[in-house]
Structure formats: C-alpha cells, structure tokens
Amino acid sequence: MTPERVGVIKNETEHLRRLVGDLTTLTQVETQTLDMQFQLSNPVDMLKRIQQTFIPISSQKNITIDLETEAEIPQILVDEGITMQVLKNLVENAIRYTRTGGKIVLSAKNANQNVEIAVTDEGEGIDVEDLPFVFERFYRADKTRAANHGKMGLGLAISKALVVAQNGSIEAYSEGKGKGTSIIIRFPIKTD
C-alpha cells in the first residue's frame, strides 16, 4: 500500500458513496418516502443565497453570477432545503460547463400562474437532439467525456424528481453546442 494507492481507494470509495446516496434519493422520491417539509418560501431570497454561496467558487474561474428578478415575485410552497439542493446542483453544472470569463444568470419571474426560476449559462450548450433526454438517469449529452468530470449523470435526474415531487416542472433549453443552456423550473403560485 502506497499513499497514492490509498488516495485512489479513498476517491473511489467517496465516488461510490455519492452514487449510492443519489440512487437512494431517487428511490425515496419515486416511492414517495422522502420526508418533505413544505413551507411558503421566497424564490428571490433563495436565489440570493445561492448566488452568495457560489461567488467564491465561480470567481476562481472568472465567471460572474448575476441575479435578475422582477420586482414582485410571489412566494411558492416548496421544501426550501430540497429546492436549494436542486438550485445548487444546477449552478454547479453551470459553473462546470461555462468557460473562463463567462456568465451565469439566476432569474425569477411571474409566468402564467407560476413562478419561473432559471439558471442560464454561457457554457457548452446541449445539442437539440439531446435535450429530451438530459433528465434521464445516467444520460450524458457529451459522449466523448466518459468521466464527465467525475459525475455519473444523475444530477439532472434527481433535480427533476425533486422538482416534480413539489408539484413543479423543469425543462432544459439550448440552441446547440457552444450556445449555453437554460434550465427552467416552474412552481405554481400559491393563491390561498
């Protein structure tokens, strides 16, 4: 046993731990056993916290994270911790695939009885033919990246499952490779 081999074993063990955790989360959502604590939450406040969390990380790649919201955004009924987990995943992806010097925009607006929350990047983009599949388990739009930066292709599948479990919807938009990506989440406006 050399220190290098121990390091490899530790890395692989951590990778497997994350994979098991991700699959457990998906299973809990699918079997409706995930404990969710719904509360009225302010989407703009959540986006501000996400922005502050990721500024130190994005600044290392010289990526700016801007916040664009309408003046009056209603509250949404969600599990705030789980929604923050989804937003963190989307911003991590945006940072991973945005080139140095690029920009990420976090936005919230009213849209047809919904609050629309978006994470938009100037990253690598997604081919139009891959868009319908990006939320499937283990799907990788870029087949040439077998390691996919150490990820297993579960992040977007988990994000979709968690959003749908909160009565929301999620979609990916891109005009193709090199043209960035927008992931848009919609939650119904709480009217009662």
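See above for the structure.
Residues numbered from 1 in each chain as written. Predicted model: local features only at pLDDT ≥ 70, side-chain atom pairs only at ≥ 80, totals over all residues. Heavy atoms only, no water.

### Things to note about the pattern of salt bridges
No. 1: If you walk through the whole model with that rule in mind, you get six salt bridges.
No. 2: The closest approach of N and O atoms between E80 and R49, which form a salt bridge, is 2.7 Å. Of this pair, E80 sits in helix 3 (residues 80-97) while R49 sits in helix 2 (residues 43-60), placing them 31 residues apart in sequence.
No. 3: Through salt bridges with shared partners, a single ionic network connects K109, E116, E171 and R186. (Salt bridge = Lys/Arg side-chain N within 4 Å of Asp/Glu carboxyl O. Helix = DSSP H or I, 4+ residues; strand = E, 2+ residues; numbered from the N terminus.)

### Some words on the packing of helix 3 against helix 4 (residues 155-164)
No. 1: Where helix 3 contacts helix 4, the axes come no closer than 10 Å and their chain directions differ by 150°. Taken together, the axis directions place helix 3 and helix 4 in an arrangement best described as roughly antiparallel. Between helix 3 and helix 4 lies a crossing of left-handed hand. In this structure, helix 3 uses I82, Q85, V86, N89, L90 and N93 to contact helix 4, whose residues at the interface are G155, L156, I158, S159, L162 and V163.
No. 2: Class assignment for the residues of the contact of helix 3 with helix 4 results in seven nonpolar, five polar and no charged. (Axes fitted to C-alpha atoms, helices over the stretch in contact; angles between N-to-C directions. Parallel < 35°, antiparallel > 145°, perpendicular 65-115°, else oblique. Left-handed = near helix turned anticlockwise from the far one by under 90°. Contact = heavy atoms within 4.5 Å. Nonpolar A, V, L, I, M, F, W, Y, C, P; charged D, E, K, R; others polar.)

### Notes on unusual backbone geometry
No. 1: You will see that N62, though not glycine, has its phi angle at about 55°, which is positive.
No. 2: Structurally, N62 can be placed in the loop between helix 2 and strand 2 (64-69).
No. 3: Even without a glycine there, the phi angle at N167 is positive, about 65°.
No. 4: For N167, a relative accessible area of 59% puts it in the exposed group. (Buried < 20%, exposed > 50% of the residue type's maximum accessible area, 1.4 Å probe, protein only.)

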